[in-house]
Amino acid sequence: MTNQDKQIIEEAKKQWEENSLNPVLKKFPERKKVFVTGSNTEVNRLYDPLDLTDLNYLDDLNFPGEYPYTRGVQPTMYRGRLWTMRQYAGFGDAEESNKRYKYLLKNGQTGLSIAFDLPTQIGYDSDHPMAYGEVGKVGVAIDSLEDMEVLFAGIPLDQVSTSMTINAPAAILLAMYIAIAEKQGIPASQLNGTIQNDILKEYIARGTYIFPPLPSMRLITDIFDYCSKELPKWNTISISGYHIREAGATAIQEIAFTLANGIAYVAAAAKQGLDIDTFAPRLSFFFNAHNDLFEEVAKFRAARRIWAKIMKERFGAKDPRSTMLRFHTQTAGCTLTAQQPDNNIVRVAIQALAAVLGGTQSLHTNSRDEALSLPSQQSVRIALRTQQVIAYESGVAETVDPMAGSYYLESLTKIIEQEAMNYITKIDQLGGSPKAIEHGFIQREIQNSAYQYQKDIEEKRRIIVGVNQFQSEEEPMKDLLKVNPKIEKRQTERLNKLKKNRNELKVQENLKLLTKMANSEQNIMPAILDCVKSYATLGEICDQLRAVFGEYKESLKI
Amino acid sequence: MKNSRIRVLVAKPGLDGHDRGAKVIARALRDAGMEVIYTGLRQTPEQIAETAIQEDVNVIGLSILSGAHMHLFPKILKLLAERDASDILVIAGGIFPREDIVELKKIGIKEIFTPGTDTNEIVKFIRANVNLP
């Protein structure tokens, strides 16, 4: 914009304020004194070209597929291929979950996303005392390779991409996946998928850690290294803001803390001597799509821009793929209400729209009944259909980054970038994200935001339809999913039988070798692969590692 | 009675890591003038009963979202009864199917708060139902 153009607009704006705006404000005051986004960032009455005078198209936005990827990581985005519709699912035992996956694939889902039960995520077999009452509850129970064989029975692994929400024992589940592929005659190099493998956000927000930070980071680095050679198409980590947001963070905090964790992983791998461009192209991210449509779209775009700059400027990445932030999105579970659950369908639709307008690579839409129980099959179908309506009917997938250039959106994108960078600088000053977690800085910031959010609702500064306004009497929701209570017994019996039938000598030999490798500086993946192939259980493998690495204890401050 | 502060143990039984609710409640109760102890994650029924007795609390607030409540809550109540601590007011929060709520109230969980509850409501409930010495 030339200075002359700017002056003309400024003049016109002044006129508008005097002649049109002020008389209206006098007669009809606005609904509130201050308007804010979902994350309490102040929102102006109006955005116009004057807000974007600093914006440099080629530096700040550029064309899609071009650095800094604000407008997306591919030149054609959804005109080329729609995002992957990927519903997170899993419950009960491997057999039941296998049925749900086949149902989802039959209904047009394009990728699998495996939910594991908590004992699996924390490295306990189903017969461990800590597993009592938890087997098969929030995901599928996997004790050994045998369970994985059942889980993927009849699903050719070269034709799906599989995302596994597994962190502390990620190396073990990945090894199992490689082993079943081998049995299906598919080489590891053809496998497509993702392991979450993001331990830092477990300490911050999600809670399924096992080992202390240092050995955990070593496991992650070993996976980066192993996959760069053996599984070139595999996403070795999904650096997750989702759970950080669910724990109460704002949009700005979500991307700031997630990208700070990303920096820590890249730095750890570089310190081990890995070349940035061998592993960085396989890093992926996972974000939350919350209620505030524009703020969320801006958040995704800002995250891409920040990450590109960090990878190029800070880490000297040369391969453009190392600087592209590719991400999965899930709609915000914490926004689902137990009251009037059908309203959640609408919330999810708006959140999913934000993810698509923000250029997500894959998407999970939550089901309306998830504030009440695990989702029923019917609710899952509506959630998947919501994505399909956006993809095929709304028109938003027909052009790339359709909201770009919006005065409001671009202003928000810039503010979010700046504020997130302030946090990242602060975390750098504390010595990086692992140190900031150790100090409790990140956890405290999130807790403060969570408390503020709750108070805003209770004091009605924030309205939640059906919860603190527009309440109505309602019938309890029917047909909620109940996990079969016999699962625990069935799973334990299966485990006992396995232990009787396997080659025990081989198992013990492999476990011993694992301990040796854990104590060495060599890559631990081959030893884990040998263990799982001989049907050593997840619990047995984790116990060996616990003995070498120790266990993490959270430090508590509330 | 008015002079003694209400002591509350906010506890997370089970393996799930969803502690947003527990932490928000802990803070709200503290802001309401109660003394609050938070256990942290992955507490066994034995650990919760032990801490409650050691810390001499008047109230236990159990927070769980993993679905293991029908296994873990009865165990906690049984352990408290065995140790003559049934006067402790036990309440819970999280995601519970309706029929489980009925069942849990029968065995001695005094109230169950589900998503969307105002923290002031919990404060009020505790004040009205706590047994102070």
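Residues numbered from 1 in each chain as written. Chains lettered and ligands numbered in written order. Predicted model: local features only at pLDDT ≥ 70, side-chain atom pairs only at ≥ 80, totals over all residues.

Trainee: What is the right way to look at the domain arrangement of chain A in this model?
Mentor: The accessible area lost on association of the parts is a frequent measure of interface size. All names here are of chain A. The domain architecture assigned to chain A consists of domain 1 (3-52) and domain 2 (77-458). For domain 1 and domain 2, the distance between their C-alpha centres works out to 38 Å. The interface is formed by 10 residues belonging to domain 1 together with 12 residues belonging to domain 2. (Domains from an automatic or database assignment. Contact = placed C-beta atoms within 7 Å.)

Trainee: For this particular structure, what's the right way to read unusual backbone geometry?
Mentor: Peptide bonds are, in most cases, trans, and in most cases residues other than glycine have a negative phi. All names here are of chain A. For the peptide bond that leads from tyrosine 67 to proline 68, omega is 0°, which places it in the cis range. Note on placement: proline 68 falls in the loop between α2 (57-61) and β1 (84-85). The backbone phi angle of methionine 77 is positive, close to 45°, even though this residue is not glycine. Tracing the chain through its elements places methionine 77 in the loop between α2 and β1. On the basis of neighbour count, methionine 77 is assigned to the buried category, with 22 C-beta atoms found within 10 Å. At asparagine 197, a residue that is not glycine, the phi angle is positive and equals roughly 55°. (Helix = DSSP H or I, 4+ residues; strand = E, 2+ residues; numbered from the N terminus. Buried ≥ 20, exposed ≤ 12 C-beta atoms within 10 Å, placed from the backbone.)

Trainee: Teacher, can you tell me more about the nonpolar core here?
Mentor: Side chains of nonpolar character tend, in soluble globular proteins, to be buried together. Grouped together as the largest cluster of nonpolar side chains are 189 residues, with contacts concentrated most on Ala171, Ala175, Ile223, Leu259, Ala420 and Ile528 of chain A together with Ile60 of chain B. The element that contributes the greatest number of residues to this core is helix α10 (residues 251-271) of chain A, accounting for 13 residues. Once you skip the residues sitting within four places of it in the chain, alanine 175 of chain A turns out to touch Met525, Ile528, Leu529 and Val532 of chain A. (Core = buried A, V, L, I, M, F, W, Y, C linked by C-beta atoms within 7 Å.)

Trainee: Whenever I open this one, helix α5 (residues 119-129) of chain B confuses me. Can you help?
Mentor: Since one α-helical turn is 3.6 residues long, residues separated by three or four positions face the same way. Listed in full, the buried residues belonging to α5 of chain B are Thr119, Ile122 and Ile126 of chain B. All buried residues of α5 of chain B project into a common sector of 55° when viewed along the axis, lining one side. Away from its buried face by more than 90 degrees, α5 of chain B exposes Asn120, Glu121, Lys124 and Ala128 of chain B. Considering only its buried residues, α5 of chain B is in contact with α17 (441-458) of chain A together with α1 (20-31), β3 (59-64), β4 (89-94) and β5 (111-113) of chain B. (Arc of directions from axis to C-beta.)

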